[in-house]
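Report on the structure
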Amino acid sequence: MSFSGALNNAITGLTASSRLAEVVSSNLSNALTEGYARRSVELTPAQIGGRGGGVQVTGIVRFVDPGLLADRRLAEAALSNDQRSADSLSRLETTLGGVDGSSKLIELFAGFERALITASSDPASETRLATAVTRLGDVAAGMQDATRSIQKLRQEADAAIVADIAKLNTGLANIASLNKDILRLKASGSDPSALLDMRQTAVDEVATIVPLREIQRSNGTIGLMTSTGTTLLDGRAAVFGFQGTPTITADMTRESGALSGLTLDGRMIDPDTGIGRLGGGALGANFMLRDKTLVDAQTGLDDLAVDLIARFQDPQNDPTITGGAAGILTDGNNPLNLIDRVGLAGRISLNPAIDPLRGGIPSRLRDGLYAPETGPVGDSSQINAWVKALAAPRPDALTGTTQTAPERLAAFAESISGLRLSAQAAVSFSSAKWDSLRQAELANGVDSDFELQQLIKVEKAYAANARVIETVNFMMQRLMEI
Amino acid sequence: MSKVSIGDLSQNFKSIRQGFTIKSDLANLSSSLSSGRVTDIPKELNGQTARLNGLNYSREQLDVLQDISKETMLMLDSIQSVLVRVDDKRAELMSRLFTINDSSSQDQVALTSQAARQALDDMVSALNTKVGGRALFSGRDVNEVPLIPASQIVSEIVAAIGTDQSIANMERAIEDWFTGASSGATATVYRGDTSGFMKRRISPDKEITIELTANSEKISETLKQTVRSAVLLDLTEMTPSDKISTIKSSSVSLFNASADLANTQAMIGSLQEAVTTAQVEMKARDVSFEIAVNDLIAADPFETASRLQSAQLQLEKHYTVVARMSQLSLLRFI
């Protein structure tokens, strides 16, 4: 008799409906979960022996658009790259900056020139001379501060690399173990959807550090590779190493061996760049900052220091400075040495012979730095010579462009602002791209209206199947009553 | 892209990002309106801040130069008033000396010599004026007064004249003490700077030199002629006729010296004019730089206010939309 067939079909229908309700409730409860892929149930008609056997649940489908996901991950890597640069450069601009678009160094320098011109009006005044010398000392101190700020940012970039590599290693290890778990669950026939969600989130986290591509394997596991070809995970997770340097000074670079690059499974990845082909994400940005961008900023500052020290050491400006002796501004109390230029801005200081804080005599500004005796106290000619020296165009040590001292300072401030502006422009571009991709991805998520409508359908189907069971039961009972 | 459903989070994400954009615009505009300046100056200038910094630097320079030009002006005014005083004393003495003629008595000669001493004293103290602790006529040795006291001048020259009280010897002694020309004379009347003059910067590209000290010939001539009459009181051996002729020639020389002093005053006057012109020029330059700076970075208050208003409206509309959308859910209807 086909009563048992009907009953059987109705029971499969009830099972399928309750499974559907379970999936709907799972979707609704995860409506706010980021990284949760909307589930749906796959139903097919069952076949038993040559006849239909009701409905069967063949699987739970995770709705994910792999192309969109991959694009979004690449956009996110680019965004964290640009964001890291822009943040660091913004901070640099703020520490070096002043009021109304100027920079702190320009303000200090203007204060010095002010004091110098005031001293030229009354050269006999010891107070005015001391003030002028002190202001020049402030300029030197300002350059040392700027050097410290730049090196501090390099230290922060280095520390960020340490953190990124740690995150990368744990992330990859995590994904490898999730791969194993998913393989096991699939082999035993269970539904690995939750683990798939977790693995997707873990890959998302790693994707901000290095831009990567996910490779689906047929057994449900994935491999990971950077978009430029380095394997991150292929059955086994790659292990990256990096030696952090807590204190960084201007002369420490990767080329000099004082700063380290990345190692992969114990081997140096790329001695030339330090990062190999792992650039493009937050890690790439940190390396770029530590090894290129901030180093260039320091070089610009050092060139400024060269210009100032040379101006204050030139016998044409003060004839008493002869034989290559140190001028009013020195390289750590020594004369300028063009070969030892790296980090000069961190060593620039007043000559102790003129610095009142170290027992020097400020009136040497008026008489000449190495003048054997004091001249007429009302003589403003040397002071005026210094004023002219600041406004004289002087060739650059490297490129030979001639600029006055204030022009050089303004050019340096402009270069720092320029770096920040282009970094911010890059951020707004990659941010817009990421925005639209993320939005499209989220649109594939759980829609609670849709799920509720599904629930209505499920209710009806359950009621219909229950009705079938009731009718078959009635038919059987009626038969029994014969 | 699914064709049957749109995720909840998508709408949420979009509205959060939009709200963020509008609110940061609002924050920027309100700070811009309050300060009168654009908030991000390098962005406004497309990264070309060098010109702005150049303008600000020049303005600072002009500011300090304007301050010190007041000091320079004070110094020149003081020099000018000293010259006027010296000239007045010269004229007074000159008219006093004119009263002596061949028939004057010894007493009259003595009184006239006394008057000359008084005049010398006034002139020397005028020339020794210090303004703000700085001497005006010592050249670059501004901490030293230029001339030794008048009584010392007279006594030292009288001692140098000694016993030979002829006119020729008197002239020689006076000359020696003013120029240090004779052998063995190391001390002169003038104690100030002999190798240079005071220089002052009056504009970013101009300097003036005050080529005047108490040792300048135009001033020392007047002093010499005054001294010639002043020493006569102590020259007991000199004949009365010599004394009278000395006085008469001094008076004529003092008359001639007026042209020199007038020239000196004119020279200082032209320096004063140069300073005034420089001051006016610097002020004009400063104003034009200020206008240029404002053109670059000032925020037009009307434009900023209207943009602020539209941002505010935008935010209100956004909030309304968010509130409405949050009510659109199937849950309310089931």
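Remember, it's a predicted structure, so these values are computed and weren't measured experimentally. (Residues numbered from 1 in each chain as written. Chains lettered and ligands numbered in written order. Predicted model: local features only at pLDDT ≥ 70, side-chain atom pairs only at ≥ 80, totals over all residues. Heavy atoms only, no water.)

**With respect to the overall build of chain A**
Along the backbone of chain A there are 10 helices and 13 strands. A compact globule built from 482 residues should have a C-alpha radius of gyration of about 23 Å, whereas chain A, at 37 Å, is more than 25% larger. The principal-axis extents of the C-alpha atoms in chain A amount to approximately 140 × 45 × 35 Å. Classification of the 482 residues of chain A by burial places 50% in the buried group. (Helix = DSSP H or I, 4+ residues; strand = E, 2+ residues; numbered from the N terminus. Rg over C-alpha atoms; globule rule 2.2 N^0.38 Å. Buried < 20%, exposed > 50% of the residue type's maximum accessible area, 1.4 Å probe, protein only.)

**What to know about the sheet that holds strand β9 (residues 267-268) of chain A**
Pairing between the strands of a sheet comes from backbone hydrogen bonds, and it takes one of two forms, parallel or antiparallel. All names here are of chain A. Taking strand neighbours across the sheet as the criterion, the 3 strands line up as β7-β8-β9 in an open arrangement whose pairing is antiparallel. Of all strands in the sheet, those bounded by a partner on one side alone are β7 (240-241) and β9. Judged from the 2 bridges that link them, β7 and strand β8 (residues 263-264) form a sheet pairing that is antiparallel. For Gly241, the partnering residue across the bridge sits in β8 and is Thr263. (Pairing = 2+ DSSP bridges.)

**Here's the deal with the interface of chain A and chain B**
At the interface, 58 residues of chain A touch 50 residues of chain B. Between chain A and chain B, a total of about 4600 Å² is buried, with carbon and sulfur atoms accounting for 54% of that surface. Put simply, chain A and chain B have 8 salt bridges between them. A salt bridge links Asp435 of chain A to Arg17 of chain B, with the nearest nitrogen and oxygen atoms 2.7 Å apart. Here chain A is connected to chain B by 24 residue pairs in polar contact (both at pLDDT 80 or more). (Contact = heavy atoms within 4.5 Å. Buried area = accessible area lost by both parts, 1.4 Å probe. Salt bridge = Lys/Arg side-chain N within 4 Å of Asp/Glu carboxyl O. Polar contact = N/O pair within 3.5 Å; in protein donor to acceptor, adjacent residues only side chain to side chain.)

**Description of the packing of aromatic side chains**
One pass over the full model with this rule turns up 6 aromatic pairs over all chains. Taking the centre distance of 6.0 Å and the plane angle of 80 degrees together, the rings of Phe242 of chain A and Phe287 of chain A count as edge-to-face. A residue pair is termed long-range when its members are at least 10 positions apart, and Phe242 of chain A in the loop between β7 and β8 and Phe287 of chain A in helix α6 (residues 282-311) qualify at 45 residues. Residue classification places Phe287 of chain A among the buried positions, given a relative accessible area of 4%. An aromatic cluster of three or more residues is present, and its members are Phe109, Phe112, Phe312 and Trp386 of chain A together with Tyr57 of chain B. We note Arg38 of chain A situated over the ring of Phe63 of chain A; from NZ or CZ to the ring centre the distance is 4.8 Å. (Phe/Tyr/Trp six-rings, centres within 6.5 Å; stacked < 30°, edge-to-face > 60°. Lys NZ or Arg CZ within 6 Å of the ring centre and 35° of its normal.)

**Description of the pattern of salt bridges**
Enumeration over the complete set of coordinates arrives at 53 salt bridges over all chains. Across the pair Arg73 of chain A and Glu214 of chain A runs a salt bridge, and its minimum N-O distance is 2.7 Å. Taken together, the positions of Arg73 of chain A in helix α2 (residues 66-96) and Glu214 of chain A in strand β3 (residues 212-216) put the pair 141 residues apart, joining distant regions of the chain. One salt bridge connects Arg114 of chain A with Glu60 of chain B, and the closest N-O pair in it is separated by 3.1 Å. Of the two residues, Arg114 of chain A sits in helix α3 (residues 104-121) while Glu60 of chain B sits in helix α3 (residues 50-98), which places them in two different chains. Several salt bridges converge on common partners, so that one network encompasses Glu34, Arg72, Arg73, Glu76, Asp204, Glu214, Arg438 and Glu441 of chain A.

**Structural notes on the packing of α6 of chain A against helix α9 (residues 405-443) of chain A**
To describe two helices that pack against each other, one gives the angle between their axes and the distance between the axes. Residue and element names in this part refer to chain A. For the pair α6 and α9, interaxial distance at closest approach is 10 Å and the crossing angle is 175 degrees. The pairing of α6 with α9 is recorded here as roughly antiparallel in orientation. Here α6 contributes Thr293, Ala297, Gly300, Leu301, Leu304, Asp307, Leu308 and Arg311 to the contact with α9, which in turn contributes Ala405, Arg408, Leu409, Phe412, Ile416 and Leu419. Split by residue class, the contact of α6 with α9 holds 9 nonpolar, 2 polar and 3 charged. (Axes fitted to C-alpha atoms, helices over the stretch in contact; angles between N-to-C directions. Parallel < 35°, antiparallel > 145°, perpendicular 65-115°, else oblique. Nonpolar A, V, L, I, M, F, W, Y, C, P; charged D, E, K, R; others polar.)

**Let's talk about the confidence of the model for chain A**
A residue-level look at chain A finds 99% of positions with pLDDT of 70 or above and a mean pLDDT of 92. Summarising per-element confidence for chain A, the mean pLDDT is lowest in strand β12 (residues 394-395) of chain A (86) and highest in helix α4 (residues 126-187) of chain A (96). (pLDDT = per-residue confidence, 0-100.)

**Examining the packing of α3 of chain A against α9 of chain A**
Residue and element names in this part refer to chain A. Running from N to C, α3 and α9 point in directions that differ by 165 degrees, and their axes come no closer than 9 Å. Relative to α9, the element α3 is oriented roughly antiparallel. Considering the relative orientation of α3 and α9, their crossing is left-handed. Here Leu105, Ile106 and Phe109 of α3 lie close against α9, whose contacting residues are Ala405, Pro406, Leu409, Ala410 and Ala413. Of the residues belonging to the contact of α3 with α9, the class tally is 8 nonpolar, no polar and no charged. (Left-handed = near helix turned anticlockwise from the far one by under 90°.)

**Remarks on the sheet that holds strand β6 (residues 236-237) of chain A**
All names here are of chain A. Taken in spatial order, the 4 strands make up an open sheet running β3-β4-β5-β6, and their pairing is antiparallel. Two strands in the sheet have a free side with no partner beyond their single neighbour: β3 and β6. Where β3 lies against strand β4 (residues 222-226), 5 bridges are found, and the strand directions are antiparallel. Counted as the bridge partner of Leu212 is Thr226 from β4.

**A word on unusual backbone geometry**
One can expect most non-glycine residues to show negative phi and most peptide bonds to be in trans. Residue and element names in this part refer to chain A. Of note in this structure, Asp265 is not a glycine but carries a positive phi near 50 degrees. Relative to the helices and strands, Asp265 is located in the loop between β8 and β9. Positive phi outside glycine occurs at Asn333, with the angle close to 75 degrees. Along the chain, the position of Asn333 falls in the loop between β10 (329-331) and β11 (348-350). Judged by relative accessible area, Asn333 falls into the partly exposed class, the value being 36%.

**Let's talk about a nonpolar patch on the surface**
Residue and element names in this part refer to chain B. On the surface, Phe98, Val252 and Phe255 cluster together into a nonpolar patch covering about 300 Å² of accessible area. Locating Phe98 in the fold gives a position in helix α3. Among the residues examined, Phe98 registers a relative accessible area of 46% and is labelled partly exposed. (Patch = residues over 30% accessible without salt bridge, like charges linked within 9 Å, V, L, I, M, F, W, Y side chains within 5 Å. Areas by Shrake-Rupley, 256 points an atom, 1.4 Å probe, with all protein chains shown as cover.)

**Quick look at the environment of Ile150 of chain A**
Looking at where Ile150 of chain A falls in the secondary structure, it is placed in helix α4. Residue classification places Ile150 of chain A among the buried residues on the basis of a relative accessible area of 0%.

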